[in-house]
Amino acid sequence: MHSDTISDFLTRIRNAQRAGHRRVDIPASKIKRAMTKILVDKGYVNRFIDIEDGKQGIIRIFLKYDAYGKPVIREMKRVSKPGLRKYSSSEKIPRSYNGLGVVIVSTSRGVMTDKEARKLNVGGEILCTVY
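Scoring rules and cut-offs
Residues numbered from 1 in each chain as written. Predicted model: local features only at pLDDT ≥ 70, side-chain atom pairs only at ≥ 80, totals over all residues. Heavy atoms only, no water. Helix = DSSP H or I, 4+ residues; strand = E, 2+ residues; numbered from the N terminus. Rg over C-alpha atoms; globule rule 2.2 N^0.38 Å. Buried < 20%, exposed > 50% of the residue type's maximum accessible area, 1.4 Å probe, protein only. Contact = heavy atoms within 4.5 Å. Lys, Arg positive; Asp, Glu negative; His and termini not counted. Charge placed at Lys NZ, Arg CZ, Asp CG, Glu CD. Pairing = 2+ DSSP bridges. Phe/Tyr/Trp six-rings, centres within 6.5 Å; stacked < 30°, edge-to-face > 60°. Axes fitted to C-alpha atoms, helices over the stretch in contact; angles between N-to-C directions.

### Let's talk about the overall build of the protein
The helix and strand tally for the protein stands at three helices and eight strands. On C-alpha atoms alone, the protein measures out to a radius of gyration of 15 Å, which is about the 14 Å that the 2.2 N^0.38 rule sets for 131 residues. The buried share of the protein, taken over its 131 residues, is 38%. Taking as baseline every contact in the protein between residues at least 6 positions apart, the subset at least 24 positions apart corresponds to 60%. When the 27 positive and 13 negative side-chain charges of the protein are each reduced to one mean point, those points stand 3 Å apart.

### Observations concerning the pairing of strand β6 (residues 102-107)
Counting buried positions along β6 gives five out of six residues, so the element sits mostly inside the fold. Taken together, the six bridges between β6 and strand β8 (residues 124-130) define a ladder with antiparallel strand orientation. Its bridge partner lying in β8, Thr107 is registered against Gly124. The pairing of β6 with strand β7 (residues 110-113) spans four bridges and is classified as antiparallel.

### Regarding unusual backbone geometry
Of note in the backbone geometry, Tyr97 takes a positive phi value of approximately 50° without being a glycine. Tracing the sequence through the fold places Tyr97 in the loop between β5 (87-88) and β6. By relative accessible area, Tyr97 is classed as partly exposed at 42%. For Asn121, which is not a glycine, the phi torsion comes out positive at approximately 55°. Considering the arrangement of structural elements, one finds Asn121 in the loop between α3 (114-120) and β8. For Asn121, a relative accessible area of 53% translates into the label exposed.

### Description of the packing of aromatic side chains
The full count for this structure, using the stated rule, is one aromatic pair. On the basis of an interplanar angle of 25° and a centroid distance of 4.0 Å, the ring pair of Tyr97 and Tyr131 is categorised as stacked. Taken together, the positions of Tyr97 in the loop between β5 and β6 and Tyr131 in the segment after β8 put the pair 34 residues apart, joining distant regions of the chain. Residue class for Tyr131 comes out partly exposed when judged on its relative accessible area of 27%.

### Brief notes about the sheet that holds strand β1 (residues 23-27)
Taken in spatial order, the three strands of this open sheet run β1-β3-β2, and their pairing is antiparallel. With one partner strand each, in any of the chains shown, β1 and β2 (45-51) form the two edges of the open sheet. If you compare each strand with its neighbour and ignore which way they point, the axes differ by 20° on average. Of the pairings in the sheet, the one linking β2 to strand β3 (residues 58-63) comprises six bridges and is antiparallel in character. Bridge pairing links Ile49 to Arg60 in β3.

Structure (structure tokens):
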């Protein structure tokens, strides 16, 4: 049993990419689904499907590689951890690689990117950075 499901989510994707897998299965939750939608929208993964298994469900993510076979996601880092939560106001949300990457933020209006949070003027918990 994992105490930090978001860390597990990021690690499964990282490990699957290092091994060169085309897809990875992750136990589903609302927050992981929202994070996966952001990864699809921003072009870091091809697509995902929800698989019902009679329990919590599974998210099957189809990974994306460039023309040379290198993963599109260069780096995924967990920012806020169970032992040390990181919160930020909308003005102070960090930028990932000077705006080239994406910072995923959990706000009172749902999970969104740093740019969307700044536009809506809402702060929240900084979940992870993706580049």
